[in-house]
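# An overview of the molecular structure
Here is what each chain is made of, one letter per residue.
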Amino acid sequence: MESGQLIKAFIATVQASLHGLRSIEPVLRREQDALTGKDPATLERVVAEKLELLKQLEHSVQARDRLQQAAGHAAGIDGGSTLVESLAQPQLNTDWQALTALARKVADLNDRNSQLASQGQRATRTALGILTGRPEREDTYIALRRRQAGAASYTLGRV
């Protein structure tokens, strides 16, 4: 690929990634609301939307990494930063700064949502322990598979 084409393609992937991150940010905020809410169906819809957006974003990130490597730079944010510096294009530099700042913000939101989900799982295990009188364990559902009389011992072919 010629240098001019490579630069244009790289700029396009930066724009696509920036658009993707801008689309994911409000979804992560809705996910956070759903994690603290009481409607599992809403959480399920929001998570499905987030996963679809992440799949779309993954394509632009992979393409950008390939272009960075084709230009002689490492894949990832650091390699992209060195490529952007070497190209010395003001608009690209502005977009890159926006992309990296938004990427950090989105990663932080996703980490917080992960922590909320983990807290919810722990609370559910505790509640199950209280309701069943069993000690709190990480393998609440695994134990059913081990018991001969458990529902999990049936196969779909025998039901």
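Criteria and cut-off values
Residues numbered from 1 in each chain as written. Predicted model: local features only at pLDDT ≥ 70, side-chain atom pairs only at ≥ 80, totals over all residues. Heavy atoms only, no water. pLDDT = per-residue confidence, 0-100. Contact = heavy atoms within 4.5 Å. Helix = DSSP H or I, 4+ residues; strand = E, 2+ residues; numbered from the N terminus. Expected span 1.5 Å × (residues − 1). Buried < 20%, exposed > 50% of the residue type's maximum accessible area, 1.4 Å probe, protein only. Polar contact = N/O pair within 3.5 Å; in protein donor to acceptor, adjacent residues only side chain to side chain. Salt bridge = Lys/Arg side-chain N within 4 Å of Asp/Glu carboxyl O. Axes fitted to C-alpha atoms, helices over the stretch in contact; angles between N-to-C directions. Parallel < 35°, antiparallel > 145°, perpendicular 65-115°, else oblique. Left-handed = near helix turned anticlockwise from the far one by under 90°.

In this section: the confidence of the model for the chain. Looking at the chain as a whole, its pLDDT mean stands at 81, while 78% of the residues score no less than 70. Within the model, pLDDT remains below 50 along residues 148-159, and this stretch shows seven contacts once partners closer than five positions in the same chain are excluded.

Before going further, it helps to examine helix α2 (residues 40-70). In this model α2 runs 45 Å from its N-terminal to its C-terminal C-alpha over 31 residues, within 8% of the 45 Å that 1.5 Å per residue would give. The set of residues buried in α2 consists of Val46, Lys50, Leu53, Leu57, Ser60, Ala63, Arg64, Asp65, Leu67 and Gln68. Its side-chain oxygen placed 3.2 Å from the backbone nitrogen of Ala41, Asp39 serves as the N-cap of α2. Two residues or fewer past α2, Gly72 is found with a positive phi of approximately 90°.

In this structure the tally under the stated criterion is four salt bridges. Measuring nitrogen to oxygen at the nearest pair gives 3.1 Å for the salt bridge that ties Glu25 to Arg29. Residue Glu25 and its partner Arg29 are located together in helix α1 (residues 3-36), separated by four residues, close to a single helical turn. In this structure, Glu31 and Lys50 form a salt bridge, with 3.1 Å as the shortest nitrogen-oxygen distance. Pair noted here: Glu31 is in helix α1 and Lys50 is in helix α2, with a separation of 19 residues, a long-range link.

The next point concerns the packing of α1 against α2. Viewed as axis vectors pointing N to C, α1 and α2 meet at an angle of 160°, and their least axial separation amounts to 8 Å. Relative to α2, α1 is oriented roughly antiparallel. In this structure, α1 crosses over α2, and the sense of that crossing is left-handed.

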